[in-house]
Amino acid sequence: MARPVSYNLIHKPLEADISIAPMPDGHQGDGYFTTSLDKVIGLARKNSIWPLPFATSCCGIEFMATMGSHYDLGRFGAERVGFSPRQCDLLMVMGTIAKKMGPVVRQVYLQMAEPRWVLAVGACASSGGIFDTYSVLQGIDQVVPVDVYVPGCPPRPEAIIDGILRIQDLVGRESLRRRNGNQYKALMESYGIQ
Ligand code: SF4
């Protein structure tokens, strides 16, 4: 007798597989929808982040898991990882940054075009972590401004995804004028960046 074959097919409606980005605030009626340019650009930017992974040690392994099929950062529109600063808008620093690497992190940041954001992943990138030594930078915010810090040693992929979601919140709500504002200019000047 032939062995019965079972297929592991789950019939789900198409909509269940597709996550649709929520529409921005605005006004709608029959056949029209209006909103502001800020919100449309924010919606597009937050769902198409291009990360630049600057991974120097163990936290980078967690990032690899985050990019893998199980956690799949692509679900958030951030699967296009780039290694050219000119193309990326999110600098993800993961791992211990020795003081001699500080200028390199800064150089990569400077080569990124505005608007750009920075995510410090893990205790080492955020504060030096357990390496309170003469050779380790005690947090990358000594050389570049940081938007979101992810705690943990190492942070689990869920924590890294949470950091990405916090960055998405910032990106989606950022006014187009912020980068030209006095507060932002003062922040850059405090880092010696024009
Ligand atoms: S925070 Fe912990 S896991 Fe991450 S790079 Fe530092 S020592 Fe490694």
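Residues numbered from 1 in each chain as written. Predicted model: local features only at pLDDT ≥ 70, side-chain atom pairs only at ≥ 80, totals over all residues.

## Remarks on the packing of helix H2 (residues 37-46) against helix H6 (residues 157-173)
Here is step 1: Relative orientation of the contacting elements H2 and H6 amounts to 155 degrees, with a least axis distance of 7 Å. Here H2 lies roughly antiparallel to H6, going by the angle between them. Along this stretch, H2 crosses H6, giving a crossing that reads as right-handed. Residue-level inspection shows Gly42, Leu43, Arg45 and Lys46 of H2 in contact with H6, the latter providing Gln168, Val171, Gly172 and Arg173. (Axes fitted to C-alpha atoms, helices over the stretch in contact; angles between N-to-C directions. Helix = DSSP H or I, 4+ residues; strand = E, 2+ residues; numbered from the N terminus. Parallel < 35°, antiparallel > 145°, perpendicular 65-115°, else oblique. Left-handed = near helix turned anticlockwise from the far one by under 90°. Contact = placed C-beta atoms within 7 Å.)

## Some points on the pairing of strand S3 (residues 51-55)
Here is step 1: Within S3, 4 of the 5 residues are buried, leaving the element largely enclosed by the surrounding structure.
Here is step 2: In this structure, S3 lies alongside strand S4 (residues 90-94), joined through 5 bridges in parallel fashion. Looking at S4, one finds that Ala55 is bridged to Met94. (Buried ≥ 20, exposed ≤ 12 C-beta atoms within 10 Å, placed from the backbone. Pairing = 2+ DSSP bridges.)

## Quick look at the pairing of S4
Here is step 1: In terms of burial, S4 is a largely internal element, 5 of the 5 residues being buried.
Here is step 2: In the classification by handedness, the crossover that spans S3, the intervening helix H3 (residues 58-67) and the parallel S4 is left-handed.
Here is step 3: In this sheet, strand S5 (residues 117-121) lies alongside S4 in parallel orientation, the contact comprising 5 bridges. Each bridged residue has a counterpart across the sheet, and for Leu91 the counterpart in S5 is Val118. (Right-handed = clockwise from strand over helix to strand, strands pointing away.)

Honestly, it's all geometry; don't read function into it.
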